[in-house]
Amino acid sequence: METRNRKRQRDLDLISNLPRHIIDCVLSRLPLRDAVRTSILSRKWRGYSATLPHLDFGYQFYLTIKETWGRSSLVNFHYELERTISKIFVLHHGPLVKVTLYIPKLSRRAPDTDQWIDLLSRKNIKELTLDYRYNRRHLLPHCFFSCLDLTHLELRSTVFAPPPDFNGFRNLIALKFRRVKLKAYKLESLLHGSPLLQKLILVDCSGFHRITVSAPNLESFQLQPHHKFKTICFEDVPKLADVTVSTSDTEAGHFTKSSTLLEFLTSLPKLTRLSVNGNLLKILARDTLPQELPTTVEGLNYLKLNSLDFADSDQISCALCLIRNTPNLKQLEIQASTTRLTNIPPRKLGYMEAGAPFGCTLNRLQVVKIELLAGFKPELELVEFLLANSPFLEKIYIKPENSLGQNKVASDMAIELIRSYRSSPGVDIVYLTD
Amino acid sequence: MASSIENNNEKLTLKSSDGEEFLVEKHVALQSTLLQNMLDSDCSSADVIPLPKIDARTLALVLGYCKKHADASSSKQGELNSFDSEFLKDMDMGALFNLVLAANFMEIKGLLDIAAQKIADTIKDKPHQEVREIFHVENDYTPEEEAAVREENRWAFEGFP
């Protein structure tokens, strides 16, 4: 009887006998705690949980450990965090595909993460995130540079100083550096040695003042440079479609050797999405603005302008030059910057009248979002300009800056805009307030 | 309908394990990598394609999923997401496991993903005794072994009976 019952139970058990990759599919969708807890279901499940291909020791895991052990003193909790991660690594068999490590700012001794990295380098790790939260950047050990199977890499607060024989990550597809310092090494060498790279994000990195982006497969690029950064240029980027560049400063030295707007756009033949901020527009506009933009902008259908200062005529002229000359623009997003509005702007700047003649029609423009408006004349003029020249505009979202006067700004604008000419009769103007 | 005429209105026949035949438009069948590869490798669409591991009830569900995803344009992602979440909502475990195996066999990644997510959601935050009951998992540990496994990963069991 006993064995017959057991057999019947086994037949009913649907989940334990699923193909292994489906089990992994399920386990990888669980927080690590729940995935590890399945080890107690049966012997088979203990095996599954000892060979998890994905180990996510990210922020969520950190919080779980903190909740479990945090009631005792701080030192103990950090010790438990290190001990738990080490134990899971020790118990783990087989290859690891994806590992995320969140390493908090610690009160005393830092955990021996280099030992973990060494283990990962011997497990053919493919997707790795090392999220250090130390103030002082962590120097990556040499064994890190032998993780040659990496396809996805994300680093935070580290010093990237490869040994002389490092030739890049030849399988790398996506790379994100945040607060990473390159030491005695050039980003160009990394790009050159990682020819499959499709996505590159650089935020607040140091150790270089200029970059020449040359990457045959790069599709998406994002740069938020360090304040000392000077130059960016694109050389050989035949597939680069999505570009986000912002710069914090327009002061002397910064970006001085960068290209002009014309050169910038000419170097990006496949551009479809562009996101830039007002400071960068000011730099790109420092010479005379071109009457027409190169044909490469024909592919551009999404434009986002961040921190656009409506009191700065250089920024606005450059923004207008871009908008006017992008024939296939579908979606336009603008985030106004109110930082300089303490300086009283001229009552009427008349950018629209003073610039190039109106002769442009934005035949593809469908959606416009304008955020953080303060209710200044130039802002209103821009909205009027877009309404007058976009025959197929479907929606325009207007969101005043978050302040006590928010509703008044919205209602004043609404009154002004009722009178203005609209080339798209069906356009829907939506006012957003908090 | 107009679009299917543009697509030459090609159809193919799939046969379930219990012998039921389903006539499927080609663009719907292409949601399955398995069928796509068969069509690419010169498998005549006049033939009946047998799917010996998938019963009629499951196949009908799978094809419903494929049709919705094949017909929706890419701009309607929101609509597809709500379809996906409704699709598995009240499904019993037996049907869900048949579906996940069918999605795996026919190589329909999106369906495999949402079915795996549904199984994961069922496990998440539940005590292991309850998980054993839901999925009929037989506990083959001795009490000592079970205690040892629990001790090994004490952090994970904190707060669970």
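Our subject is the structure listed above.
An account of the accompanying structure is given in this report. (Residues numbered from 1 in each chain as written. Chains lettered and ligands numbered in written order. Predicted model: local features only at pLDDT ≥ 70, side-chain atom pairs only at ≥ 80, totals over all residues. Heavy atoms only, no water.)

## Notes on the interface of chain B and chain A
What counts, and what does not: We call two residues contacting when some pair of their heavy atoms lies within 4.5 Å. Note: buried area is the sum, over both parts, of the accessible area (probe 1.4 Å) each one loses when the two are combined. In the sections that follow, a salt bridge refers to a side-chain nitrogen of Lys or Arg positioned within 4 Å of a carboxyl oxygen of Asp or Glu. Residues adjacent in sequence count toward polar contacts only when both atoms are side-chain atoms; beyond that, a polar contact is any pair of N or O atoms within 3.5 Å, and within protein one must be able to donate a hydrogen and the other to accept it. For helices the rule is a DSSP run of H or I covering at least 4 residues; for strands it is a run of E covering at least 2, with both sets numbered from the N terminus onward.
Across the boundary between the two partners, chain B contributes 40 residues, which contact 39 residues of chain A. The largest contributions to the chain B side of the interface with chain A come from Glu138(B), Glu152(B) and Trp155(B), which together make up 22% of the buried area. The salt bridge partner of Arg33(A) is Asp125(B), with a shortest N-O separation of 3.2 Å. Our enumeration of links across chain B and chain A arrives at 13 residue pairs in polar contact (both at pLDDT 80 or more). Those elements that provide at least two residues to the side of chain B that touches chain A are α6 (93–106), α7 (109–123), α8 (128–135), α9 (143–152) and α10 (154–157) of chain B.

## Considerations on the environment of Lys199(A)
Residue and element names in this part refer to chain A. Mapping lysine 199 onto the fold places it in strand β9 (residues 199–203). Separated by 43 residues in sequence, lysine 199 and aspartate 242 place their C-alpha atoms 9.4 Å apart. When residues no more than four places from it in sequence are discounted, the contact partners of lysine 199 are Ile173, Ala174, Leu175, Leu218 and Ser220.

## Quick look at the sheet that holds strand β8 (residues 181–182) of chain A
All names here are of chain A. Heads up, the condition is: Here, a strand pair is defined by DSSP locating no fewer than two bridges between the strands.
Read from one edge to the other, the open sheet built from three strands follows the order β4-β6-β8, with strand pairing classed as parallel. Edge positions in the sheet fall to β4 (138–139) and β8, since each has one partner strand and no second. Alignment of β4 against strand β6 (residues 158–160), held across two bridges, turns out to be parallel. Counted as the bridge partner of histidine 138 is threonine 158 from β6.

## Examining the pairing of β9(A)
Successive side chains on a regular strand alternate, one facing one side of the sheet and the next facing the other. Residue and element names in this part refer to chain A. Note the cut-off: We call a residue buried when its accessible area falls under 20% of the maximum for its residue type, exposed when it is over 50%, and partly exposed in between, using a 1.4 Å probe and counting protein chains only.
Within β9, four of the five residues are buried, which leaves the element mostly enclosed by the surrounding structure. For strand β7 (residues 174–178) and β9, the ladder comprises five bridges, and the chain directions are parallel. Note on β9: the bridge partner recorded for alanine 174 is lysine 199. Two elements, β9 and strand β11 (residues 220–224), share five bridges in a ladder whose sense is parallel. The residue bridging leucine 202 from the neighbouring strand is leucine 223, located in β11.

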